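Understanding the architecture of this molecule
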Amino acid sequence: MTWRLVTGPILQHPGRSLLCVLAIAMGVALGFAVQLINGSAISEFTRAAQTLAGKADLTVRGARNGFDEAVYAALAQRDGVALASPALEVDAKLPGRDEPLRIIGIDVFRAGRLQPALFAEGADLLDSLRADTVFLSAAAIEWLGAGRGDSLTVQSGLAQRTLRVAGTLTTDDTLGRVAVMDIAAAQALFDRVGRLSRVDLRLAPGVDTDRFIATLDLPPGMTAERPRDAGSATDRMTRAYRVNLDVLALVALFTGGLLVFSTQALSVAQRRCQIALLRVLGHTRRQVAGLLLAEGLMLGIVGAGLGLAGGLALARIAMEIVGADLGAGYFRGVAPNLRISPTAALTFGLLGLAAALAGSLGPALEAARAAPAAALKSGDDQRAFAALRLPWTGIACLAAGAILASLPPIDDLPVFGYLAIAALLMGTILSLPVLTAFLLARIPRTRYLAVTLAIEQLRARPAQAALSLATIVAAVSLAVSMAVMVSSFRTSVDAWLEGILPADLYLRASSGGDSAFFTEADQSRIRAVPGIARLEFLRWQQVLLDPARPRVTLLARDGVDTDAERRLPLVGAIATTDGSLPRAWLSEPAAALYDRTPGNRIAIPLNGRMHEFIVAGIWRDYARQNGAVLIDRATYMALSDDHSANDAGIWLAPGAATADVTQAIETGFGAEAIEFATPGEIRALSLSIFDRTFTVTYALEAAAVLIGLVGLSSAIGSQVLARRREFGMLRHIGVTRGQIARMLATEGFVVAAVGLVIGSVLGFAMSFILIHVVNRQSFHWGMQMHVPLVGLALFVAVMLALATVTARLAGRQAMTGDAVRAVKEDW
Amino acid sequence: MLSVRHLSKSYPGPRSRDVLHDVSLELGAGEYVAIMGESGVGKSTLLNLIAGLDAPDSGSIELGGTALAGLDDDARTRLRREKIGFVFQAFHVLPYLDIARNVELPLALLDVPPMDRQRRVATMLDAVGLGGRGGSLPRELSGGELQRVAIARALIHEPALVLADEPTGNLDPDNAAQVLELLRECVKTRGAAAILVTHSDRAAATADRVLRLTAAGFTG
Ligand SMILES: Nc1ncnc2c1ncn2[C@@H]1O[C@H](COP(=O)(O)OP(=O)(O)OP(=O)(O)O)[C@@H](O)[C@H]1O
Ligand SMILES: [Mg+2]
């Protein structure tokens, strides 16, 4: 019986209930999927790192392109070290492939004792020592479609070298795509004689790893960590992006809860008599509230269940299509298996339930509180919403939002920024009845009866109108804020790209990986190509400034000292320097992460020593989230003795054609060794990557708008149904069907317009916080606000049209029963 | 004024049956009749047909010289707007408009200039004993008062015909008597014709003549 009392109302309006369920499910699914994908990727990454480290207690590493071998010799002789295994890791460019293959050079005798996974199965020991043989992991074999005895071509500098696949690594499949070869051979092959990327250490029995790490004084730019902590830097790298998505999931859940709230509030209002009847028949207040909460709980259970299943499916699909980094480009070459995390499932399942319960709590309490006698009397429905008029709570929320927006981040996360957005949203929704009444009062009187009646009807019930509005306001504000934020971001990136690509043509030795570069000889040969007016080389590498943070990109370009002021997209002032220290130009993220302003000093590890630079200025950079430091290449070459380069920018001589220059270079170096790109191509590619990164956002935005729209139409529809008798009476006294349809269309239009006005204003406020607080604090990116006027106008027009049509359709549905019968129904 | 000839109506459906069969009725201007009859015999159906809210299967209805059969829904609605006033058993006033604006509705529909409307509404409210309560909302009124509002609304535009379907069905005997007296008085002073459907002999007694509707048509 009780079961029937709970399920009855849900099944009576299956469409409405389904909608609530779907809205909840969407939030749960998104949050769960994001967690699943990232969790799987991180754990895959950590497992690979652990397999690689084998039985080692700790791993010592430095800059991406290595450190001096002498460090290894010193470590191996240290007290407490039982065994040290050196390795050189190179992400080798494979001609004709976009993604590099990681080649690990090892000392077979040492690695064999420490890292059995790197040991080839049943291999001829001599093969392990030959200069031209590699062993592939299972994943690499699958990826390359090569097997034992096949040859493998890799690029070193601009030259191609052919290796022989001598066998497969032991069965362990956690390594990912890697190839293993002898360390001396690898050093020679990649022109890194005397350089290492890592040293894995096994400590003597009884030596405490943490204490050992603490007493280890490594050369600058190097760090030691336990293998199991390998994922933490990566985790930190993806965190801001992930938190962003989690917050979106929470917003979706909130919208779902709001939909439950408005649906339940309307349904309770419509069922006032039925509920009063339950009370008259002897149900206690508690029982009535319990029944209504149970309805919410049912919706929540179904929604959370669907959401978890949907999240799993979504995670699968997303990993297939956009990859484990959700389109953000963090985990290259990692193709993880989905790992189902019970904690994540529980968290998001419970959040879904909580959203549904919270949504139904207000209406349940309100219904239980109502006096049955008054509820049975007609014309009392407005009273049901009296509790919604909470202007002071709303204003307090809005004020809190403004204050929260000005607080600093916690542990690099814009916690207060997100809270500020939540407070603004809550405040606006709580103030909706007041705002709605205010806006409706501004609408001038017209002489059209249909319009007058529509507006009177809305004016008399601002709280009810506010209910229909809640979901639409939330959805519109979300959509508008995202649209403004993404458009500001995209416009800023576009402008930035235009500024940082002044050359006519760009050359790159290798876009992925670090095995390909231009040697000094290569550089001279390119310089000699006819048709080039000006040539600039760029060397980039990753250096470690702070062991707790991901590596920073160090950029060394020709001519920085003379043209930085003119060429860089600078933000803020430039420091005047006396020339005693070389100048470094920090990207916005680098300046924020390492807390530097122009005039400060910054030490950069080069060639095993720290070198002091003065921060000359700060420039906008959207490409390297972990920060970038730009210095003059002349300084770099003097300090590091590294004369190679990765990229080049070419300014063509007057009359020279891009195609001719490209042709000349290609004939000189071979077609596959160098990648060519015009600024236009780079721009298009960058923007397409940008758009891919925001696909999740776009999809979510669309879904939110859909929820809002459907929420609005269901609210209008249910109110129209409840007013059937009114329409019947109007027909009796001579109102035409057309007039009633116009009246409903006007109501739909006005409600949607009010919702769009409030939602847009809120959306702009939220986008302001997103741009200036959330984005700045989580990614350290500054951007110019840009409002996509045409897009928003189109959005507004479509929403208005849809709301109008919905209301009309709802009216047609309500008028299918004839006027005669409608007036018979008792009020 | 109103002439109903050989009217028949049946509702389609599983247990389809004739509700009205060959019913005829003539009503002169200013005539006040009561219709009585068993529940389900078709009294409300007849009123709806007269008001043009529903179409008969056969027979004709002429209202003030216009045959309803030749008109489409919009034209019938306009005719109803002008010529007919309705009073329902369940009052049916709009909860979101105040009393004055509820009464004003028919005038607004007829595009009467606003200045005129206000004057006429005030006079009408005085006439039904609700002078000065124009600003009240329906939920602040009792059942009897609400029915007075409905009477005021039915007569404000001086229709030729008032249709009242059990207007006192929801009222206690005292209130019922007052409302009936008011209805008759308002109808008579404005020279309108009226049909009062009722189950009560006391109510029927306020009419000029009483008709009994049976399955075989009008008797008495
Ligand atoms: N829309 C309809 N569809 C089918 N049957 C209907 C419809 N409206 C009325 N009826 C049937 O037609 C018959 C006459 O109904 P009507 O409402 O005219 O009776 P009534 O004389 O007014 O009764 P009462 O005194 O109870 O109000 C009834 O049997 C009713 O069930
Ligand atoms: Mg009847």
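The structure displayed is predicted, hence computed values, not measured ones. (Residues numbered from 1 in each chain as written. Chains lettered and ligands numbered in written order. Predicted model: local features only at pLDDT ≥ 70, side-chain atom pairs only at ≥ 80, totals over all residues. Heavy atoms only, no water.)

Before going further, it helps to examine the overall build of chain A. The secondary structure content of chain A amounts to 28 helices and 21 strands. For chain A, buried positions account for 56% of its 827 residues. Expressed as a percentage of contacts within chain A between residues at least 6 apart in sequence, the contacts between residues at least 24 apart total 81%. Here chain A has roughly 33800 Å² of accessible surface; of this, 60% comes from carbon and sulfur atoms. (Helix = DSSP H or I, 4+ residues; strand = E, 2+ residues; numbered from the N terminus. Buried < 20%, exposed > 50% of the residue type's maximum accessible area, 1.4 Å probe, protein only. Contact = heavy atoms within 4.5 Å. Areas by Shrake-Rupley, 256 points an atom, 1.4 Å probe, with all protein chains shown as cover.)

Residues and elements named next belong to chain A. For chain A, the assigned domains read domain 1 (1-54 + 229-388), domain 2 (58-225), domain 3 (391-482 + 692-827) and domain 4 (517-672). If you average the C-alpha positions of domain 2 and of domain 4, the two centres end up 29 Å apart. Counting residues at the interface gives 20 residues for domain 2, matched by 18 residues for domain 4. Of all residues in domain 2, Arg-64, Leu-158 and Pro-220 give up the largest surface area on contact with domain 4, accounting jointly for 35% of the area buried on that side. Our count for the domain 2 to domain 4 interface comes out at zero salt bridges. Put simply, domain 2 and domain 4 have two residue pairs in polar contact (both at pLDDT 80 or more) between them. In the side of domain 2 that touches domain 4, the residues fall into seven nonpolar, eight polar and five charged. (Domains from an automatic or database assignment. Buried area = accessible area lost by both parts, 1.4 Å probe. Salt bridge = Lys/Arg side-chain N within 4 Å of Asp/Glu carboxyl O. Polar contact = N/O pair within 3.5 Å; in protein donor to acceptor, adjacent residues only side chain to side chain. Nonpolar A, V, L, I, M, F, W, Y, C, P; charged D, E, K, R; others polar.)

Opposite the 24 residues of chain B that make contact, chain A presents 32 residues. In this assembly, chain B packs against chain A so that about 2600 Å² is buried in total across both faces, 61% of it on carbon and sulfur atoms. At the junction of chain B and chain A, the tally comes to three salt bridges. Its salt-bridge partner being B:Asp73, residue A:Arg737 comes within 3.7 Å of it at the nearest N-O pair. Where chain B touches chain A, the interface holds eight residue pairs in polar contact (both at pLDDT 80 or more). Of all the secondary structure elements, the ones that give two or more residues to the side of chain B that touches chain A are α2 (73-83) and α3 (99-109) of chain B. Ranked by residue count, the leading element in the side of chain B that touches chain A is α2(B), at five residues.

Moving on to helix α6 (residues 173-189) of chain B. Residues and elements named next belong to chain B. When the terminal C-alpha atoms of α6 are compared, their 24 Å separation across 17 residues agrees well with the 24 Å that a helix rising 1.5 Å per residue should span. For α6, the set of buried residues is Ala-176, Val-179, Leu-180, Leu-182, Leu-183, Cys-186 and Val-187. Considered in projection along α6, the buried side chains sweep an arc of 165° and stay on one side of the axis. In α6, the exposed positions angled more than 90 degrees off the buried face are occupied by Pro-173, Asp-174, Glu-181 and Thr-189. For α6, the N-terminal capping position is held by Asp-172, with its side-chain oxygen 3.1 Å away from the main-chain nitrogen of Asp-174. Looking one or two residues beyond α6, the residue adopting positive phi is Gly-191, at roughly 70°. (Expected span 1.5 Å × (residues − 1). Arc of directions from axis to C-beta.)

Below, the discussion takes up a nonpolar patch on the surface. Residues and elements named next belong to chain A. Taken together, the side chains of Leu-18, Leu-22, Leu-297, Ile-301, Val-302, Leu-306 and Leu-357 define a hydrophobic patch exposed on the protein surface, amounting to about 560 Å² of accessible area. Looking at the nonpolar patch, the elements with two or more residues in it are α2 (14-53) and α11 (285-321). Ranked by the residues each element gives to the nonpolar patch, the list is headed by α11, at four residues. For Leu-22, the position within the fold is in helix α2. Since its relative accessible area comes to 44%, Leu-22 is described here as partly exposed. (Patch = residues over 30% accessible without salt bridge, like charges linked within 9 Å, V, L, I, M, F, W, Y side chains within 5 Å.)

Residue and element names in this part refer to chain B. Applying the stated criterion across every chain yields a total of 41 salt bridges over all chains. The salt bridge involving Arg-184 is made with Asp-208; its shortest N-O contact spans 3.1 Å. With Arg-184 in helix α6 and Asp-208 in the loop between α7 (201-204) and β9 (209-214), the pair connects residues that are 24 residues apart, well separated along the chain. Owing to a relative accessible area of 28%, Arg-184 belongs among the partly exposed residues under this scheme. Close ionic contact of Lys-188 with Asp-208 constitutes a salt bridge, the shortest N to O distance being 2.8 Å. Note that Lys-188 is positioned in helix α6 and Asp-208 in the loop between α7 and β9, a separation of 20 residues in sequence. Owing to a relative accessible area of 32%, Lys-188 belongs among the partly exposed residues under this scheme. A relative accessible area of 40% places Asp-208 in the partly exposed class.

The next subject is the site of ligand 1. What surrounds ligand 1 is a group of 15 residues, the closest being B:Ser39, B:Gly40, B:Lys43, B:Ser44 and B:Thr45. The contact in question runs from an oxygen atom of ligand 1 to an N or O atom on the side chain of B:Lys43, over 2.7 Å. Separating an oxygen atom of ligand 1 from a side-chain N or O atom of B:Ser44 is a distance of 2.7 Å. Taken by itself ligand 1 offers 630 Å² of open surface, and the protein chains cover 72% of this. Elements supplying a minimum of two residues to the shell around ligand 1: α28 (819-824) of chain A together with α1 (43-50) of chain B. For the shell around ligand 1, the element with the highest residue contribution is α1(B), accounting for three residues. A class-by-class count of the residues in the shell around ligand 1 yields three nonpolar, six polar and six charged. (Near = heavy atom within 4 Å.)

Residue and element names in this part refer to chain B. Taken in spatial order, the six strands line up as β6-β7-β8-β3-β9-β10 in an open sheet, and their pairing is mixed. Taken across any chain shown, the strands that pair with only one partner, and hence form the sheet edges, are β6 (84-87) and β10 (217-219). The mean angle between the axes of side-by-side strands here comes to 25°, regardless of whether they run parallel or antiparallel. With five bridges connecting them, strand β7 (residues 161-165) and strand β8 (residues 193-197) associate as parallel partners. From the neighbouring strand, Ala-164 faces β8, where its bridge partner is Leu-196. Sheet contacts for α6: β3 (32-36), β6, β7 and β8; angle to β3, the most-contacted strand, approximately 140°. (Pairing = 2+ DSSP bridges. Axes fitted to C-alpha atoms, helices over the stretch in contact; angles between N-to-C directions.)

The biggest cluster of nonpolar side chains holds 131 residues, and the ones touching the most others in it are A:Leu453, A:Leu730, B:Leu2, B:Leu161, B:Leu163 and B:Ile195. The residue makeup of this core includes at least three contributed by each of domain 1 (1-54 + 229-388) and domain 3 (391-482 + 692-827) of chain A. Ignoring sequence-local partners within four residues, the contact set of A:Leu730 consists of A:Leu453, A:Val735, A:Ile740, A:Met743, B:Leu94 and B:Leu105. Counting residues in each nonpolar core, the second largest holds 41 residues, with B:Leu182, B:Leu183, B:Val187 and B:Ala207 among its members. (Core = buried A, V, L, I, M, F, W, Y, C linked by side-chain atoms within 4.5 Å.)

Turning to the packing of aromatic side chains, a few remarks are in order. All names here are of chain A. Counting across every chain of the model gives seven aromatic pairs over all chains. Measuring from centroid to centroid gives 5.2 Å for Phe-489 and Trp-781, while their planes differ by 50°, and the two rings are tilted. Taken together, the positions of Phe-489 in helix α17 (residues 462-500) and Trp-781 in the loop between α26 (737-779) and α27 (789-814) put the pair 292 residues apart, joining distant regions of the chain. Across the pair, exposure class does not vary: Phe-489 and Trp-781 are buried alike. On the numbers, 4.9 Å between centres and 20° between planes, the contact of Phe-779 with Trp-781 is stacked. A relative accessible area of 5% means that Phe-779 is categorised as buried. Here Trp-781 falls in the buried class, since its relative accessible area comes to 9%. Taken together, the aromatic side chains of Phe-489, Trp-496, Tyr-622, Phe-779 and Trp-781 make up a single cluster linked through ring pairs. (Phe/Tyr/Trp six-rings, centres within 6.5 Å; stacked < 30°, edge-to-face > 60°.)

Bringing the pairing of strand β8 (residues 178-182) of chain A into the picture now. All names here are of chain A. Across the five residues that make up β8, a large majority, five, are buried. For strand β4 (residues 101-106) and β8, the ladder comprises five bridges, and the chain directions are parallel. Bridging from a neighbouring strand, Ile-106 pairs with Asp-182 of β8. As judged from the two bridges shared by strand β5 (residues 133-136) and β8, these two strands associate in the antiparallel manner. If you follow Leu-136 over to β8, its bridge partner there is Ala-179.

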